[in-house]
Every structure is written in C-alpha cells, then in structure tokens.
Protein chains: 2
Amino acid sequence: MSENSSVGIVAPQIAHFNSPLTLKSGQVLPQFNLMYETYGELNADKSNAVLICHALSGHHHVAGKHHEDDKNPGWWDNLIGPGKPLDTNKFFVIGLNNLGGCHGSSGPLSTNPDTDRPWGASFPILTVEDWVNSQARLADFLGIKQLAAVLGGSLGGMQALQWSIAYPERMRHALVIASAPNLTAQNIAFNEVARQAIITDPEFYEGDYYNHGAVPRRGLRIARMLGHITYLSDDAMGAKFGRKLRDGNIKYGFDVEFEMESYLRYQGDKFAGEFDANTYLRMTRALDYFDPAFEHGGDLSAALAKVTADFLVVSFTSDWRFSPARSREIVKALLDNELSVSYAEVTAAHGHDAFLMPDAHYHNIMRAYFAKIEV
Amino acid sequence: MSENSSVGIVAPQIAHFNSPLTLKSGQVLPQFNLMYETYGELNADKSNAVLICHALSGHHHVAGKHHEDDKNPGWWDNLIGPGKPLDTNKFFVIGLNNLGGCHGSSGPLSTNPDTDRPWGASFPILTVEDWVNSQARLADFLGIKQLAAVLGGSLGGMQALQWSIAYPERMRHALVIASAPNLTAQNIAFNEVARQAIITDPEFYEGDYYNHGAVPRRGLRIARMLGHITYLSDDAMGAKFGRKLRDGNIKYGFDVEFEMESYLRYQGDKFAGEFDANTYLRMTRALDYFDPAFEHGGDLSAALAKVTADFLVVSFTSDWRFSPARSREIVKALLDNELSVSYAEVTAAHGHDAFLMPDAHYHNIMRAYFAKIEV
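Analysis parameters
Residues numbered from 1 in each chain as written. Chains lettered and ligands numbered in written order. Predicted model: local features only at pLDDT ≥ 70, side-chain atom pairs only at ≥ 80, totals over all residues. Heavy atoms only, no water. Helix = DSSP H or I, 4+ residues; strand = E, 2+ residues; numbered from the N terminus. Rg over C-alpha atoms; globule rule 2.2 N^0.38 Å. Buried < 20%, exposed > 50% of the residue type's maximum accessible area, 1.4 Å probe, protein only. Contact = heavy atoms within 4.5 Å. Areas by Shrake-Rupley, 256 points an atom, 1.4 Å probe, with all protein chains shown as cover. Lys, Arg positive; Asp, Glu negative; His and termini not counted. Charge placed at Lys NZ, Arg CZ, Asp CG, Glu CD. Axes fitted to C-alpha atoms, helices over the stretch in contact; angles between N-to-C directions. Parallel < 35°, antiparallel > 145°, perpendicular 65-115°, else oblique. Left-handed = near helix turned anticlockwise from the far one by under 90°. Nonpolar A, V, L, I, M, F, W, Y, C, P; charged D, E, K, R; others polar. Pairing = 2+ DSSP bridges. Right-handed = clockwise from strand over helix to strand, strands pointing away. Buried area = accessible area lost by both parts, 1.4 Å probe. Salt bridge = Lys/Arg side-chain N within 4 Å of Asp/Glu carboxyl O. Phe/Tyr/Trp six-rings, centres within 6.5 Å; stacked < 30°, edge-to-face > 60°. Lys NZ or Arg CZ within 6 Å of the ring centre and 35° of its normal. pLDDT = per-residue confidence, 0-100. UniProt positions renumbered as here; feature names shortened; annotations may be inferred. Least-squares fit on C-alpha atoms with pLDDT ≥ 70 in both. Expected span 1.5 Å × (residues − 1). Polar contact = N/O pair within 3.5 Å; in protein donor to acceptor, adjacent residues only side chain to side chain. Domains from an automatic or database assignment.

A. Representation of the overall build of chain A in the model. Within chain A, the regular secondary structure consists of ten helices and 14 strands. Over its C-alpha atoms chain A spans a radius of gyration of 20 Å, differing by no more than 12% from the 21 Å that the globule rule assigns to 375 residues. Across the 375 residues of chain A, 61% fall into the buried class. Taking the contacts inside chain A whose residues are at least 6 apart along the sequence as the reference set, 72% of them involve residues at least 24 apart. When the accessible surface of chain A is split by element, carbon and sulfur atoms take 49% of a total near 13800 Å². Of the charged side chains in chain A, 32 are positive and 43 negative, and the gap between their average positions amounts to 1 Å.

Here it is, written out as structure tokens:
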C-alpha cells in the first residue's frame, strides 16, 4: 500500500435489518436497509473502525471510485486513503447513507414493503438520534462493539456528538468538524425557505410526485442555489466570482449576466437532476430538530454529562453557517465535564465548505489526531 | 405645528412627463408618470427641498397617513414630520415611487399607451442612473433647481450617491444610509435566487401573467422570505425568535414548528399579495447593475471626481447585507476627493433593517445633520 493513494475501486453493500427501529417521533420502522461502504481492513480485535457520518446531501460513497473510469471519487476522498490523514493502512473506515436518504438506504424513494410502492411522503421524519441508533445497528452487523472514532462535518458532526451522548461505551473519539450544538434561528430560516420552495412547487404533489411521474425540480433547484450561498463565505465568493460579467458587458435582462449567477444555476440544475426532494426535506428537519440541550433546559453541559469520548473539534474562520463561536459552545460544554478536548480554529477562506477542502493546516490537524488514536 | 407629530393626512399626486427618457439600456420611454407625495412647504427661494429615494420594496408614501383610520403610516414616518429628525417645519420633503414600481408610477403593471394593455414583461429594465434622471425631471416639474439634500437607505442610498455624481450642481447634501458602492457576489447571489424563484414559477408566464389571470405568488413569497433573512441579523433573529417552538413541542412534520418559520411565512404571504413580481425583478437588477466605479476601472475615487456635495454616510454594525466596510469604501473615496463627509457606524442589533428603526443614536445623528443644513 502506497502513501497518499486512493483506496481504489470500492463497491457499496447493503445491510438489511429485520428488527424494528422505534424513532424519536414515535413511529416505528419495522425493517430497513442501510447502504454502506468500507475502506481498509478491520483488525483482529475490531478496535480500528472509524464511522463517517454524512452531511445534508452526502451518502455512503466517501472514498475511492466505483470503477476505473469513475470521474467522481468519494466525497471525502482527499482525507481518507492509504497514507492520507485518515489512513486506511491503520483504520477500517465505514461510510453509510443515512436512513431517509436517496442513495440506497431505506427512504422516501425506496419501496415500502407493506405496499410495494415508494414510501414517498409517508416515509417517517428522522432525527439525528434515530440515525445514530441505526448506525449502532450497522456497527452490530459488522461485529464492532466499539468504534475507534466517529467523524463528521456539519450535520455529520452533530451525529458524532450524538454518538458520544447516546453510546459513550461504544466509541472512544468524536471528531466534530464545522458543526454546532443546534441551529440558530437564521439557520432554521434558510432551511424553511428551501423547504417552502420545494413544498410549493406544483410538481411536489404533497410529496407523492413519484406517483404522478413528476419531480419538483424547480423547488429543489432553488433550495440548492440557496444552500450554496450559505456554504461559501462572502469573501470566497468575492474572490472566485466578484462582479465578473459572463460576457463582459451588461445585457439588461434576466438571463445570466454575472458569473455568480451562472455558477448557482449550474449547481442548482445539477442537484435537481440527482437528489430526491423528500430526502432533502427530511435532512433539513433533522438539522432543525437536533438540540441535545433542549431536554436539559438549554444546558449543553448537562446534556453531555455521560460523555466519555475524547474530542477533536474543528471550526473554520470564514464559516458563517456554523461559525467558530458555535464550535466553542461545544468545547466549553465538554470542558465543563472535564473531558479531553482538542480544538482548532482553522483560518480558511472557503466558508462552511472548508471542511471538505484539502487545506494543509486542517489536514495536518486531522492527521495528527488520527495518528494518536490507539487501535 | 407641534413637535414630533405626524405630517397628518397626505394625498399622493401624479406628475406626467411627455418628453422621452433615454435609459442606460438604450431603450427610450416616450412618456411616463411618477407618483409622488410632499410634506412641508417649499420655501420662497425653493432651497429647502429634500428628496427621499426608496429601497427595493418602497414607494412614494414615506410619511403621514392617507386617511384618518389609516393603520399604516408612510414607511419612514418615524424620521419625517414636524419636530422629527427630518423636520417638515424646515424642509419640503418629496417621496416618489420609482419608475418600474408598482405603486402608481409607470411600470410593468401600468398601461402601455401604445397598446392599451399592461406593459408586463416589455417594460424596460431600469438602472439607478435612470431613476436619478427621472427624479431630476420631477425636480424640474416642481420648479426646484437645487435640492437641499437627497436621502436614501440601502438601494435608496445608491440613488443619493448617484445624484451626487450625475447632478453635482443640483444638490448640496447626500445622505447615504446602510448602503454600498455596489453589490458583492453574495448580494448578487441572493438576488439571483429570488429572481429564479419568481421566473420559474409556472404562474409567471414569462412576465405576462396579467394576461393569463395569474400571479406568481409562490416565487414572490420565496423571494420575500429570503429577503427577510438578509434584512435581519443572525443575533436579532436569535433574540426575537431563537429556537422557540410555536406549540411548545415538536410535531415531526413540515408545517410550522418554529416561530421563525411562522414569521417568514407570514411576511412572504403578505408580500406576495401586495407586490408585483415584474417590479421585484427590476428592482433587484437595478441593485445588481449599480457600480459607478465600473466605468473607471474599478476606481471609486475616480468615479466621484466631479462630486461637490457634502455627505452623511451611516452604517449599522449588525448589517451583513451592506456591511459597515462597504460604507467605509464610500467614505474613503469621498475623502480621496477632499469632500466634506461625516460618517457614523451605529451600534444596532437589527441588521440591515436598522435604517428604518427609530434608534435614538441614529436619529440624533440624522437630526444633527439636517439641523446644520442651510436653507
């Protein structure tokens, strides 16, 4: 195995779960599938497993390629592989598509075994807590009693935090990157605009568009365009696009004038052709609902009282979606509980998206942290 | 006339202009109407006139009421009136609805005299420069050779700045509040998402929805919800709404869960029932296009070389739409030209909307500035 190379060709797998999963909403999923991938080898005492939790539009394909000519490696391929910061020569890495997703795990797009039709709008609304419970089932399925680490960025970081709360005995390290202990009112507001764009799209049919041969593309496109604004910093957008005109002069119309517009439309169109609207709605609700302090009168330190894991918390200076101040709230609550926590505030221009970028300082922090994890 | 009282009952008026207006796009408006209101008395030498320029969704009704039971006074009523910071005992104040508007001035909603049908999508796209030229015509119509001041917030501030560039001999003071010398890429991006929500609404009919008995309400609603996020600061939203649940507990659905959502939906619905989509599109393009430095290789100081007016520039600390840094760019360029400029950065929690609020510090600054203007 070489340094800094790819995990190579990988194949997704499906784990089927027959025993019911009771959700936070009270609904019960009688059975479900999880699509997952693994990289590296599980060691003899099964102590080297790292679970990757994905963010809003992520999935199980985290590293490597699906075939030789695959142009798109996994979404965190720059971090994970032989010799990379999360080194698959040392660790056994698991990526999965969360419940409610649209990449192979049970979700609105998949078939409801009771009806033999797509679940559609009837698929339950899930929470971060539900995801973590389903991920614990996946760990059982793989024969892993204790994860070396759970790692996630953004909504994925919330899952890593929830793991430390719900399953302290089943994981040793939590890596919470570009995340927050809950959403602010402004975060919720952006989610709500995205949801309303989808729900009011005439092609949405109250979520049962599959049965109408329709897709709420317009709404999904608007949701994604808006999302992209919040993933990038004002400065990064300024540096990348500024006020650049696509054709050099103004044409006084509503077609693309600025490069910025062209980028957003491209991103929106691409996403609307790939992603499921019902999944998008559910992912944003999971974000909205996550708030471990809520049941402790808003006291995050109290919410973390049973945590035993060691933590790495990383934030990025230009991230205005989940600002460094939100990460510091997590760090404070961990320290209140006398836990071992490393915190890094990385100077980066890319905004929230920085957690996906191969920034050298950031990756060195990740490399150093993973290097010290004993397996 | 008492202190701090209302200008009372006011009536809008229409000025008709028969000579053609050549627009920056090259199109020509052969004739046009402007709806306007005035408050206070024009003095004998016509030296006490103050023009108010409105922002994206504003209009001519700036102060006073239209009838005794009118629940909504003009949009800047807290600033303008006898004894108020812009004192109508001293000044003659003019508010107008800009060209392309939907409150009585010629615009997409109004009748094209050539066809006897609504202009709709065929109404020209206007720029800040065009508006200022049409406002100069209104000053002519009122017999005013030189305005004591031009005042505007946000997009209105851009018009005040443009007045100082285009008509240095026709105005003595420019008050540029919560504004910017151009939009950033992020500003343009938010406008583009709003426009795309409107344009892709199936009820838009390429802007000719009037002829289809339709209104692109969905798109306009999304545009306004998004707008409201950018008008408020994250902190102000947090203080006002936070994560408050409307019914105290989570219901696991896509109906309103959080107070924040309820507020946005209310604002969106209200606006979609009142405002014209074609006007909204045009207002956002006027914002996008404004960039006086563009024709001077990006050099704002060069763009302001012919300015002679004195300036008051005001920004608000929590305004992330038009941040204080953007106001300081204007101040720097004015000082480069050795102009007289007062600058205040007001500590305010309300974000961009602060320019409409009766903050005591802010209003005292306005009062002091208007008090020193000689008429």
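B. Region of interest: the packing of helix H3 (residues 185-199) of chain B against helix H4 (residues 217-231) of chain B. Residue and element names in this part refer to chain B. Where H3 contacts H4, the axes come no closer than 7 Å and their chain directions differ by 160 degrees. For the element pair H3 / H4, the angle class is roughly antiparallel. Classified by chirality, the crossing of H4 by H3 is right-handed. Here Phe190, Val193, Ala194, Ala197 and Ile198 of H3 lie close against H4, whose contacting residues are Gly219, Leu220, Ile222, Ala223, Leu226 and Thr230. Of the residues in the contact of H3 with H4, the class split is nine nonpolar, two polar and no charged.

C. Region of interest: the sheet that holds strand E13 (residues 310-316) of chain B. Residue and element names in this part refer to chain B. Read across the open sheet, the eight strands follow the order E1-E4-E8-E5-E11-E12-E13-E14; overall the sheet is mixed. With partners counted over all chains shown, the strands left at the sheet margins are strand E1 (13-17) and strand E14 (341-346), one partner each. Across the sheet, the mean angle from the axis of one strand to that of its neighbour is 20 degrees, orientation sign disregarded. Inspection of the sheet shows E13 paired to E14 by six bridges, in the parallel sense. Across the sheet, Val313 pairs through a bridge with Tyr343, a residue of E14. In this fold helix H10 (residues 360-372) packs onto strand E5 (49-53), strand E11 (147-153), strand E12 (171-177), E13 and E14, with an angle of close to 175 degrees to the strand it touches most, E13.

D. Broad picture of the pairing of E12 of chain B. All names here are of chain B. Among the seven residues in E12, six count as buried, and that is most of the element. Across six bridges, E11 lies against E12 in parallel orientation. Directly across from Leu147, in E12, lies its bridge partner Met171. Taken together, E11, helix H2 (residues 155-166) and E12 constitute a β-α-β crossover, and its handedness is right-handed.

E. Here's a closer look at the interface of chain B and chain A. In this complex, chain B contributes 54 residues to the contact, which on the side of chain A involves 54 residues. Among the residues of chain B in contact with chain A, Arg243, Tyr252 and Phe254 of chain B are the three that bury the most area, contributing 18% of the side total. Here Arg195 of chain B makes a salt bridge to Glu261 of chain A, at a shortest N to O gap of 3.0 Å. Ranked by residues supplied to the side of chain B that touches chain A, first place goes to H3 of chain B with eleven residues. The residue inventory of the side of chain B that touches chain A, partitioned by class, reads 28 nonpolar, eleven polar and 15 charged.

F. Just the packing of aromatic side chains, in detail. If you walk through the whole model with that rule in mind, you get 36 aromatic pairs over all chains. Each ring, one from Tyr36 of chain B and one from Phe141 of chain B, has its centre 6.2 Å from the other, and the planes form 75 degrees; the classification is edge-to-face. Linking Tyr36 of chain B in strand E4 (residues 32-39) with Phe141 of chain B in helix H1 (residues 128-141), this pair joins segments that are 105 residues apart in sequence. We classify Tyr36 of chain B as buried; its relative accessible area is 5%. What links up through ring pairs into an aromatic cluster is the set Phe17, Phe32, Tyr36 and Phe141 of chain A. Above the plane of the ring of Phe271 of chain A lies Arg224 of chain A, whose end atom (NZ or CZ) is 4.1 Å from the centre. Directly above the aromatic system of Phe322 of chain A lies the positively charged group of Arg321 of chain A, at a separation of 5.8 Å from the ring centroid.

G. How the structure looks around the sheet that holds strand E13 (residues 310-316) of chain A. Residues and elements named next belong to chain A. Strand order in the open sheet made by the eight strands is E1-E4-E8-E5-E11-E12-E13-E14, with mixed pairing throughout. Of all strands in the sheet, those with a lone pairing partner are strand E1 (13-17) and strand E14 (341-346), marking the two edges. Taken pair by pair, the neighbouring strands of this sheet meet at an average axis angle of 20 degrees, ignoring direction. Here strand E12 (residues 171-177) runs beside E13; their pairing, made up of five bridges, is parallel. Paired with Ile177 across the bridge in E13 is Val314. Sheet contacts for helix H10 (residues 360-372): strand E5 (49-53), strand E11 (147-153), E12, E13 and E14; angle to E13, the most-contacted strand, approximately 175 degrees.

H. Representation of the confidence of the model for chain A. When the pLDDT values of chain A are averaged, the result is 97; 99% of them are 70 or greater. Per the prediction output, this complex has pTM 0.97; the corresponding ipTM is 0.96.

I. Spotlight on the UniProt feature "binding site: substrate" (unreviewed entry) in chain A. All names here are of chain A. Mapped onto this numbering, the UniProt entry gives "binding site: substrate" (unreviewed entry) at Arg224 and Asp353. Over a stretch of 130 residues, the named residues converge on one spot in the fold, their C-alpha atoms separated by at most 13.9 Å. Mapped onto the fold, Arg224 is located in helix H4 (residues 217-231). What makes Arg224 buried here is its relative accessible area of 13%. In this structure, Arg224 is in contact with Ser57, Tyr231, Gln267, Gly268 and Phe271, ignoring residues within four places of it in sequence. With respect to the helices and strands, Asp353 occurs in the loop between E14 and H10. Ignoring anything within four residues of it in the chain, the contact list for Asp353 reads Tyr231 and Leu232.

J. Representation of the relation of the copies chain B and chain A in the model. With an RMSD of 0.0 Å, chain B superimposes on chain A once it is rotated by 180 degrees and translated 0.0 Å along the axis. On the angle and the small slide along the axis, the relation comes out as a two-fold axis. Interface overlap between copies is the fraction of interface residues in one copy that are interface residues in the other; for chain B against chain A it reaches 100%, indicating a shared surface.

K. Quick peek at helix H7 (residues 277-289) of chain B. Residue and element names in this part refer to chain B. The first and last C-alpha atoms of H7 sit 19 Å apart over 13 residues, in line with the 18 Å expected at 1.5 Å per residue. Counting buried positions over the 13 residues of H7 gives 13, a clear majority of the element. Capping the start of H7, Asp276 holds a side-chain oxygen 3.3 Å from the backbone nitrogen of Asn278, two or three residues further along.

L. Spotlight on the UniProt feature "domain: AB hydrolase-1" (unreviewed entry) in chain A. Under the UniProt annotation, "domain: AB hydrolase-1" (unreviewed entry) lies at residues 48-355 of chain A. The straight-line gap between the two end C-alpha atoms of residues 48-355 of chain A is 23 Å; of that span, 35% is helix and 15% is strand.

M. Highlighting the domain arrangement of chain A. Residues and elements named next belong to chain A. Under the domain assignment used here, chain A contains domain 1 (13-182 + 293-372) and domain 2 (187-284). The C-alpha-based centres of domain 1 and domain 2 are spaced at 25 Å. Counting residues at the interface gives 29 residues for domain 1 and 24 residues for domain 2. Around 2200 Å² of area is buried between domain 1 and domain 2 when both sides are counted, 59% of it from carbon and sulfur atoms. It is Leu56, Trp320 and Arg321 that lose the most area in domain 1 upon contact with domain 2, and together they represent 29% of the buried surface on that side. If you look at where domain 1 meets domain 2, you find zero salt bridges.

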